[in-house]
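Residue-level structural notes
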Amino acid sequence: SEELPGGNVLISSRAWGGRFYNIFTFTDRRTAQGQWGEKAFSGKDNGGVEANQNACNGEVMVVRATRQSDGKKTNLLLQSLPLGPGRANVGIYFKDLADATSYASPQALAANWAGPYQVTDKPSAYSTMTLQHNGKIGFLYEEETHCGTQGGGYTIVYRPLTLQEITNGLYR
């Protein structure tokens, strides 16, 4: 889960071929009262995040970024997952949350993502990330580094990534 720019809470869960997204909208922040929206699928058909032939855990994270095209500050939503086919080719999709319409509902949030940036070309699975003090994204994921283990020998790999790498220079 992740807090969206407006203060509501986003939940991302694995689904065959992509992700399910839902948003908890607060009606009273003081008492944490509110309600969930209607979950929305994000995948190939709506320009969302595609997990080709897999359903696997990943990470969702909002980071402050600067758009290279106009120098404006924005919020960027990142989603990691195996790109596939199967549990392989872990990567990261991104979505500019430039205005509230891009995350006004689970359906709006689920559609029209950019990327992905492919982190590895090996069999790989679960991933997580965090914003480091130096501004890089600390990315941790499972990878079948040693050939021949056929899913039974994941190595935990750490890679520091920049937003420039993840977005092919579109954001920093």
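Structure first, text after, so check above.
Cut-off values and rules
Residues numbered from 1 in each chain as written. Predicted model: local features only at pLDDT ≥ 70, side-chain atom pairs only at ≥ 80, totals over all residues. Heavy atoms only, no water. Salt bridge = Lys/Arg side-chain N within 4 Å of Asp/Glu carboxyl O. Helix = DSSP H or I, 4+ residues; strand = E, 2+ residues; numbered from the N terminus. Buried < 20%, exposed > 50% of the residue type's maximum accessible area, 1.4 Å probe, protein only. Patch = residues over 30% accessible without salt bridge, like charges linked within 9 Å, V, L, I, M, F, W, Y side chains within 5 Å. Areas by Shrake-Rupley, 256 points an atom, 1.4 Å probe, with all protein chains shown as cover. Polar contact = N/O pair within 3.5 Å; in protein donor to acceptor, adjacent residues only side chain to side chain. Contact = heavy atoms within 4.5 Å. Pairing = 2+ DSSP bridges. Axes fitted to C-alpha atoms, helices over the stretch in contact; angles between N-to-C directions.

Structural notes on the pattern of salt bridges
- Tallied over the entire structure, the rule returns three salt bridges.
- Where Asp70 meets Arg67, a salt bridge forms, and the shortest distance between an N and an O atom there is 3.2 Å.
- Across the salt bridge formed by Asp96 and Arg67, the nearest N and O atoms sit 2.8 Å from each other. Of this pair, Asp96 sits in strand 8 (residues 90-96) while Arg67 is found in the loop between strand 6 (60-66) and strand 7 (73-82), placing the two residues 29 residues apart along the sequence. You'll find Asp96 and Arg67 in the same group, each marked buried.
- A network of salt bridges, in which partner residues are shared, links Arg67, Asp70 and Asp96.

Quick look at a nonpolar patch on the surface
- Together, Leu140, Ile156 and Tyr158 make up an exposed nonpolar region whose accessible area comes to about 310 Å².
- Tracing the backbone through its elements, the reader meets Ile156 in strand 12 (residues 155-161).
- Overall, Ile156 belongs to the exposed group, its relative accessible area being 56%.

Considerations on the side chain of Ser102
- Looking at the element boundaries, Ser102 is found in the loop between strand 8 and helix 1 (106-110).
- A polar side-chain atom of Ser102 sits 2.7 Å from the main-chain carbonyl oxygen of Asp99.
- Excluding anything up to four places from it in sequence, Ser102 contacts Lys95, Asp96, Leu97, Ala108 and Leu109.

Some details on the sheet that holds strand 9 (residues 114-118)
- Spatially, four strands are ordered 6-7-8-9 in an open sheet, and the strand pairing comes out antiparallel. The strands lining the two open edges of the sheet, one partner per strand, are strand 6 and strand 9. Neighbour to neighbour, the strand axes of the sheet diverge by 30° on average, direction disregarded.
- Alignment of strand 6 against strand 7, held across seven bridges, turns out to be antiparallel. Bridging across to strand 7, Arg64 finds its partner in Asn75.

Here we look at the environment of Thr25
- Structurally, the position occupied by Thr25 is in strand 3 (residues 18-28).
- By relative accessible area, Thr25 is classed as partly exposed at 36%.
- With 111 residues separating them in the primary sequence, Thr25 and Lys136 have C-alpha atoms 30 Å apart.
- Once residues lying within four places of it in the same chain are set aside, the contact partners of Thr25 are Asn8, Gln33, Gly34 and Gln35.

Overview of the pairing of strand 11 (residues 137-143)
- Where burial is concerned, most of strand 11 is hidden: five out of the seven residues are buried.
- In sequence, strand 10 (residues 124-131) turns back onto strand 11 through a hairpin of five residues, with Gly135 there showing a positive phi of about 90°.
- Here strand 11 pairs with strand 12 via seven bridges, running antiparallel. Bridging from a neighbouring strand, Phe139 pairs with Arg159 of strand 12.

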